[in-house]
Amino acid sequence: MPRSVNAVASRARRKKVLKATKGYFGRGKNVWTVAKNKYEKGLQYAYRDRKAKKREFRALWIQRINAGAREHGISYSQFMGMLKKGGIELNRKVLADLAMNHPEAFKAVVEKVK
């Protein structure tokens with residue numbers, strides 16, 4: 001009796017990977033072994049960069065808050081310390097948005113904690 005290899009599932013798995021690698025450069029889009037490797041590497045990058053994205057945004061927010069705070073004569077660390085002491089619980093994302101897009105509101109926050 002011939003060996004059963006479940007070709008239906010194998011083909012479906014290959015089709016899924018080749019569909020995901022559509023648009024890749026060179027053989028990465030149509031040669032199974034190359035496409036599989038590129039697909040797996042892409043998933044690794046996606047996992048890693050979901051973590052890195054959080055770090056990058058936090059750093060961006062800190063830079064924006066620092067720039068806004070220095071316009072009012074205090075450093076970022078002094079500002080954050082005063083916020084904690086003043087009991088104002090605004091996160092860095094909101095503070096950065098205020099500093100960039102609503103400078104008058106950010107100034108009000110700075111004046112309140114001074």
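Just so it is clear, the model here is predicted, and its values are computed rather than measured. (Residues numbered from 1 in each chain as written. Predicted model: local features only at pLDDT ≥ 70, side-chain atom pairs only at ≥ 80, totals over all residues. Heavy atoms only, no water.)

**What to know about a positive patch on the surface**
Right, on to step 1. A cluster of basic side chains, namely Arg11, Arg13, Arg14, Lys15, Lys16, Lys19 and Lys22, defines a positive patch on the protein surface.
Right, on to step 2. Examined against the element boundaries, Arg14 turns out to sit in helix α1 (residues 7-20).
Right, on to step 3. Taking relative accessible area as the criterion, Arg14 reaches 35% and is therefore assigned partly exposed. (Patch = residues over 30% accessible without salt bridge, like charges linked within 9 Å, V, L, I, M, F, W, Y side chains within 5 Å. Areas by Shrake-Rupley, 256 points an atom, 1.4 Å probe, with all protein chains shown as cover. Salt bridge = Lys/Arg side-chain N within 4 Å of Asp/Glu carboxyl O. Lys, Arg positive; Asp, Glu negative; His and termini not counted. Charge placed at Lys NZ, Arg CZ, Asp CG, Glu CD. Helix = DSSP H or I, 4+ residues; strand = E, 2+ residues; numbered from the N terminus. Buried < 20%, exposed > 50% of the residue type's maximum accessible area, 1.4 Å probe, protein only.)

**As for unusual backbone geometry**
Right, on to step 1. You will see that Asn6, though not glycine, has its phi angle at about 55 degrees, which is positive.
Right, on to step 2. Locating Asn6 in the fold gives a position in the segment before α1.

**Quick notes on the side chain of Ser75**
Right, on to step 1. Mapped onto the secondary structure, Ser75 falls in the loop between α2 (32-71) and α3 (76-86).
Right, on to step 2. For Ser75, the side chain forms a polar contact with the side chain of Ser77, separated by 3.4 Å.
Right, on to step 3. When sequence neighbours within four positions are dropped, the list of residues in contact with Ser75 reads Asn66, Ala69 and Arg70. (Polar contact = N/O pair within 3.5 Å; in protein donor to acceptor, adjacent residues only side chain to side chain. Contact = heavy atoms within 4.5 Å.)

Honestly, it's all geometry; don't read function into it.
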